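Structural features, examined
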Amino acid sequence: MSLVLYGAPLSPFVRKADAVLREKNVPFELESVNIMPMPDWFKEISPARRIPVLRDKSVGEEGTHGTIPDSSAICAYIERKYPEPALYPSDPYEYGRALWLEEYCDTELGALVGLGIFRPIQFARFQKQEPDIATAKKTYTEKLPRVLDYLEGELGGREFLVGDSLSIADISLACLLAQLALVAGPLDAGRWPGVASHSERMTKRPSFVPCLEICRKIVKQAPIDLSA
Ligand SMILES: N[C@@H](CCC(=O)N[C@@H](CS)C(=O)NCC(=O)O)C(=O)O
């Protein structure tokens, strides 16, 4: 196998690269990397000390040569190397919008879902501690709505965030909302109908199913209702 994706399925950013590879039917191997603590060999190829990192063995098999860190860089590399089906719009403006929405989901939504909700609940469970429901609820009820309102507006009742086909923006959004759903269940479809149905459709795609099945087995516990 020439492509190795280093990471763990429970990371939404690993999931993003995983989904892009699967959407394009590119064979790859997912090699598990524990980030608590991160092994020294991985630190060498991940200067930001984060997962995922991709290795393209056809470029280099050892050291940093042949590796690309960061999900956005990895996905753009995969797109260039395996152009079909295209996951980045060809129209320049739509391309710019797709990159913006990818970035917005990865950073703004990502910080709230990851640091504000997923970690306080799931990392506590991993350490056999009580989940910090108060922090998760505060993020869910006070900070998340503004971000979801924006994304609801961007979707505007359409199937995809940009243009009329699947793009990297949809994949980023779906990866973060799947992360949220693992610990907090589906979104309120009455309040965010577009985003909720986007998430439901996306997580049924064959490119998402294998990774999410593994994640549900890892998380095990039922989602917590954070809305009340
Ligand atoms: N911008 C990065 C973010 C990656 C990221 O934050 N990964 C997390 C896991 S979800 C990580 O590796 N964290 C390591 C740590 O917190 O020590 C990307 O898109 O790949």
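Before going into details, it helps to say that this report is about the structure given with it. Predicted model only: the values in this text are computed from it and were never measured.

1. Concerning the site of the ligand
Near the ligand the following residues occur: Ser11, Pro12, Phe13, Ile35, Arg49, Arg50, Ile51, Pro52, Asp70, Ser71 and Arg119. Between a nitrogen atom of the ligand and a side-chain N or O atom of Asp70, the distance comes to 2.9 Å. Ser71 is positioned with one of its side-chain polar atoms (N or O) 2.6 Å from an oxygen atom of the ligand. The protein chains hide 75% of the 510 Å² of surface that the ligand would expose on its own. When its residues are assigned to classes, the shell around the ligand shows five nonpolar, two polar and four charged.

2. Considering the side chain of Thr67
Here Thr67 shows up in strand 4 (residues 67-69). For Thr67, a relative accessible area of 15% gives the class buried. Reaching out from Thr67, the side chain makes a polar contact with the backbone oxygen of Thr64 at a distance of 2.6 Å. Thr67 has contacts with Ile45, Val53, Leu54 and Arg55, leaving out every residue within four places of it along the chain.

3. Quick notes on the pairing of strand 1 (residues 3-7)
Among the five residues in strand 1, five count as buried, and that is most of the element. Neither face of strand 1 is left uncovered, since the one carrying Leu3, Leu5 and Gly7 and the one carrying Val4 and Tyr6 both have all their residues buried. Bridge count between strand 1 and strand 3 (residues 53-56): four bridges; the pairing is antiparallel. By the bridge assignment, Leu3 is partnered in strand 3 with Asp56. In terms of strand pairing, strand 1 meets strand 2 (residues 29-32) through four bridges, oriented parallel. Directly across from Val4, in strand 2, lies its bridge partner Glu29.

Quick notes on the rules
Residues numbered from 1 in each chain as written. Predicted model: local features only at pLDDT ≥ 70, side-chain atom pairs only at ≥ 80, totals over all residues. Heavy atoms only, no water. Near = heavy atom within 4 Å. Polar contact = N/O pair within 3.5 Å; in protein donor to acceptor, adjacent residues only side chain to side chain. Areas by Shrake-Rupley, 256 points an atom, 1.4 Å probe, with all protein chains shown as cover. Nonpolar A, V, L, I, M, F, W, Y, C, P; charged D, E, K, R; others polar. Helix = DSSP H or I, 4+ residues; strand = E, 2+ residues; numbered from the N terminus. Buried < 20%, exposed > 50% of the residue type's maximum accessible area, 1.4 Å probe, protein only. Contact = heavy atoms within 4.5 Å. Pairing = 2+ DSSP bridges.

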